[in-house]
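Okay, here's what each chain looks like letter by letter:
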Amino acid sequence: MEVKPDGTPWDLTKPEDVRQLEQLQEEQDPKLLTGSPPCTVFSQLQGLNKKHKTPEQRARELEQGRLHLRNSVAAYRRQMERGRYFLHEHPWGASSWQEPEIVALMQEPGVRVVKGPMCRWEMKAVNKRVNPPEEGYVRKETGWLTNMPRLAELLEGVCSNVDGSRPWHRHVHLVGGLAHGAREYPPKLVTAALRALRDQLLEGGDL
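In this report, the structure presented in the accompanying data block is examined.

Cut-offs applied
- Residues numbered from 1 in each chain as written.
- Predicted model: local features only at pLDDT ≥ 70, side-chain atom pairs only at ≥ 80, totals over all residues.
- Heavy atoms only, no water.
- Helix = DSSP H or I, 4+ residues; strand = E, 2+ residues; numbered from the N terminus.
- Buried < 20%, exposed > 50% of the residue type's maximum accessible area, 1.4 Å probe, protein only.
- Pairing = 2+ DSSP bridges.
- Axes fitted to C-alpha atoms, helices over the stretch in contact; angles between N-to-C directions.
- Contact = heavy atoms within 4.5 Å.

**Considering the overall build of the chain**
Right, so step 1: What the chain contains, in helices and strands, is 7 helices and 6 strands.
Right, so step 2: Taken from the N to the C terminus, the helices and strands of the chain come in the order α-β-α-α-β-α-β-β-β-β-α-α-α.
Right, so step 3: Burial statistics for the chain: of 207 residues in total, 38% are counted as buried.

**So, the sheet that holds strand E1 (residues 32-35)**
Right, so step 1: Taken in spatial order, the 4 strands line up as E1-E2-E6-E3 in an open sheet, and their pairing is mixed. The open sheet terminates on both sides in strands that have one partner only, identified here as E1 and strand E3 (112-117). When the angles between neighbouring strand axes are averaged without regard to direction, this sheet yields 20°.
Right, so step 2: Where helix H3 (residues 55-81) meets the sheet, it contacts E1 and strand E2 (85-91), and its direction lies at approximately 155° from that of E2.

**Observations concerning the environment of proline 38**
Right, so step 1: Considering the arrangement of structural elements, one finds proline 38 in the loop between E1 and helix H2 (44-47).
Right, so step 2: Accessibility expressed as a relative area gives 43% for proline 38, which makes it partly exposed.
Right, so step 3: Taking the C-alpha atoms as reference points, proline 38 and histidine 90, separated by 52 residues in sequence, lie 8.5 Å from one another.
Right, so step 4: In contact with proline 38, not counting residues within four places along its chain, are His68 and His90.

Printed below as a string of structure tokens:
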């Protein structure tokens, strides 16, 4: 679920949220757990705003980001221990991919990291800073970490402008506030991921 049962967002820097997540995993035993921790302090775009913050602010935010990431990885490991699946997503250029917990998880047997752009799934944005406003695809190279083979195969790919598999399309650059809207997954991606989960469960005899 994207939010807690009470409708508020998860914050895995809070011990009470971590305990609630552990309890839900135990009670519901989900086949697939998805995670996309806030990329704020790890993002290349956020790096452009460093000059507006003090070293103390940046250090505090980095530690909070690392704590959320560590608790996410702990939840992924609980999934693997139970013979279940997880899917972790972060922008490909995020520095989080170099964090020790993520590096160690990548090296676990059966875990794969793949890259694919969001424009493959028809993620779009409107640049209102030009006149007239211009709609285009959001390339957003994205990294995916998972222990589900079907999802890894699905999510790995390149922009069709590169491989020529579909007609050329215009990209919109995620600047000037456009990155905020790119946090929502396109319906085409969600549907494809659910089908991959179904196929994986059928293949494993779990469905």
